[in-house]
Amino acid sequence: MEKRVLIGPDAAREWSATESTVETSAGRAPGGESTLHWHITVDHLAGEPKYPIGWPRIQRGLNDAARNWSGWDFLRMRILTETSRAALPSDPVGLTLYTPDRNGALNRPLHELRKGEWAEIMIPLAQVPRHHDVRQLQFHIAEAKYRHQDQLDFYFDEVVLLRYAEPTLLDFAAESAVMFADAPQIPVRFQLAGIKPEAGVAVVCELRHEGKVAVRAEVKATRGAHRTLLDVKRAKLPPGEYEMTARAAGGSATA
């Protein structure tokens, strides 16, 4: 997969921190590299005047060259969590993506985080509306979920965009696992990744029975989600178990 680094360990000065601190920390990554270190001391008595039990957070704006994520497939981050608590709450940290502003923001709890462990978080960009215009990233906690004076340390190994380097089918499946033998069509859904947003490739679907191709169809597809109908009315399919496969032209993997 191809990768673009959005946030590296040397970017601490590019973040703004509220009720918390952010800095570069040496030697905390699995390979001994530096990390971005976000520290919070939970304080139920201080904080912003109207909200003493508030939302410690860090945020960073993205420049014009980094805002368009439409040519990418995933947002990935690796985070180590250390805390004075015995365990984290179920939603320890929230991620907010401004797409492009607060009214159009995506909020996503990072429930994968565990005390003393590196967690890899992979967010499909198909789940992020308007990811062609991402203006700001923010990480935050709700102090109401923590005790006064809890200590929290989050170490970010990297925050990157990923994309497949060749045409790749994701989530390929028939809409129903069971159907009548005389059904004229089989509805099929899939996601196509690994091509440029304006490009299109051929996707070949095959329905196999007892090792032989019973029906074969080809559709032209662009990047993103698709629903197509596999025409089987002329095949006169006998009852039984069938396997459906597909491959995108130029790709090596079969779905």
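Model, not experiment: these values are computed from the prediction. (Residues numbered from 1 in each chain as written. Predicted model: local features only at pLDDT ≥ 70, side-chain atom pairs only at ≥ 80, totals over all residues. Heavy atoms only, no water.)

**Q** Would you mind going over the overall build of the protein with me for this structure?
**A** In terms of regular secondary structure, the protein is built from 1 helix and 17 strands. The C-alpha radius of gyration of the protein comes to 23 Å, more than 25% above the 18 Å expected for a compact globule of 255 residues. If you line up the protein on its principal axes, its C-alpha atoms span 75 × 40 × 35 Å. Burial statistics for the protein: of 255 residues in total, 43% are counted as buried. (Helix = DSSP H or I, 4+ residues; strand = E, 2+ residues; numbered from the N terminus. Rg over C-alpha atoms; globule rule 2.2 N^0.38 Å. Buried < 20%, exposed > 50% of the residue type's maximum accessible area, 1.4 Å probe, protein only.)

**Q** So what exactly am I meant to see when it comes to the sheet that holds strand β16 (residues 224-231) here?
**A** Strands in a sheet are paired, the pairing made by backbone hydrogen bonds, and the direction either parallel or antiparallel. Ordered in space as β12-β13-β16, the 3 strands form an open sheet in which the pairing is antiparallel. Pairing within the sheet leaves two strands with one partner each, and these edge strands are β12 (168-174) and β16. Averaged over all adjacent pairs, the angle separating strand axes in this sheet is 25°, with direction ignored. As judged from the 5 bridges shared by β12 and strand β13 (residues 185-193), these two strands associate in the antiparallel manner. Note that in β13 the partner of A174 across the bridge is V188. (Pairing = 2+ DSSP bridges. Axes fitted to C-alpha atoms, helices over the stretch in contact; angles between N-to-C directions.)

**Q** Sorry if this is basic, but what is going on with the pairing of β13 here?
**A** Each regular strand shows side chains that alternate between the opposite faces of the sheet. With 8 bridges joining them, β13 and β16 adopt antiparallel strand pairing. Counted as the bridge partner of P187 is L229 from β16.

**Q** Looking at this structure, how should I read the sheet that holds strand β17 (residues 243-248)?
**A** Taken together, the 3 strands give an open sheet; going across it, the order is β15-β14-β17, and neighbouring strands pair in antiparallel fashion. Strand pairing shows two members of the sheet lacking a second neighbour, β15 (212-222) and β17, which therefore form its edges. Each neighbouring strand pair of the sheet contributes to a mean axis angle of 20°, computed without reference to strand direction. The sheet contact formed by strand β14 (residues 200-209) and β15 spans 10 bridges and is antiparallel. Paired with V203 across the strands is V219, a residue of β15.

**Q** Teacher, can you tell me more about the pattern of salt bridges here?
**A** Pairs can form between side chains of opposite charge whenever their charged atoms are close. Using the criterion set out here, one finds 22 salt bridges in the structure. A salt bridge links D91 to K145; the nearest nitrogen and oxygen atoms lie 4.0 Å apart. Here the residue D91 occupies a position in the loop between β6 (74-83) and β7 (94-98), and K145 occupies one in the loop between β10 (136-140) and β11 (151-163), the gap between them amounting to 54 residues. For D91, a relative accessible area of 30% translates into the label partly exposed. K233 is paired through a salt bridge with D231; the nearest N and O atoms lie 2.7 Å apart. Three or more residues are tied together by salt bridges with common partners; here these are K3, R76, R78, E120, D157 and E158. (Salt bridge = Lys/Arg side-chain N within 4 Å of Asp/Glu carboxyl O.)

**Q** Just checking my understanding: could you explain unusual backbone geometry for this structure?
**A** In terms of backbone geometry, most residues other than glycine have negative phi values and most peptide bonds are trans. For the bond from T99 to P100, the omega torsion is 5°, close enough to zero to count as cis. Tracing the backbone shows P100 in the loop between β7 and β8 (106-109). Positive phi values are uncommon outside glycine, yet Q149 reaches one of about 75°. Looking at the secondary structure, you find Q149 in the loop between β10 and β11. Given the relative accessible area of 41%, Q149 is considered partly exposed. Unlike most non-glycine residues, K236 shows phi in positive territory, near 50°.

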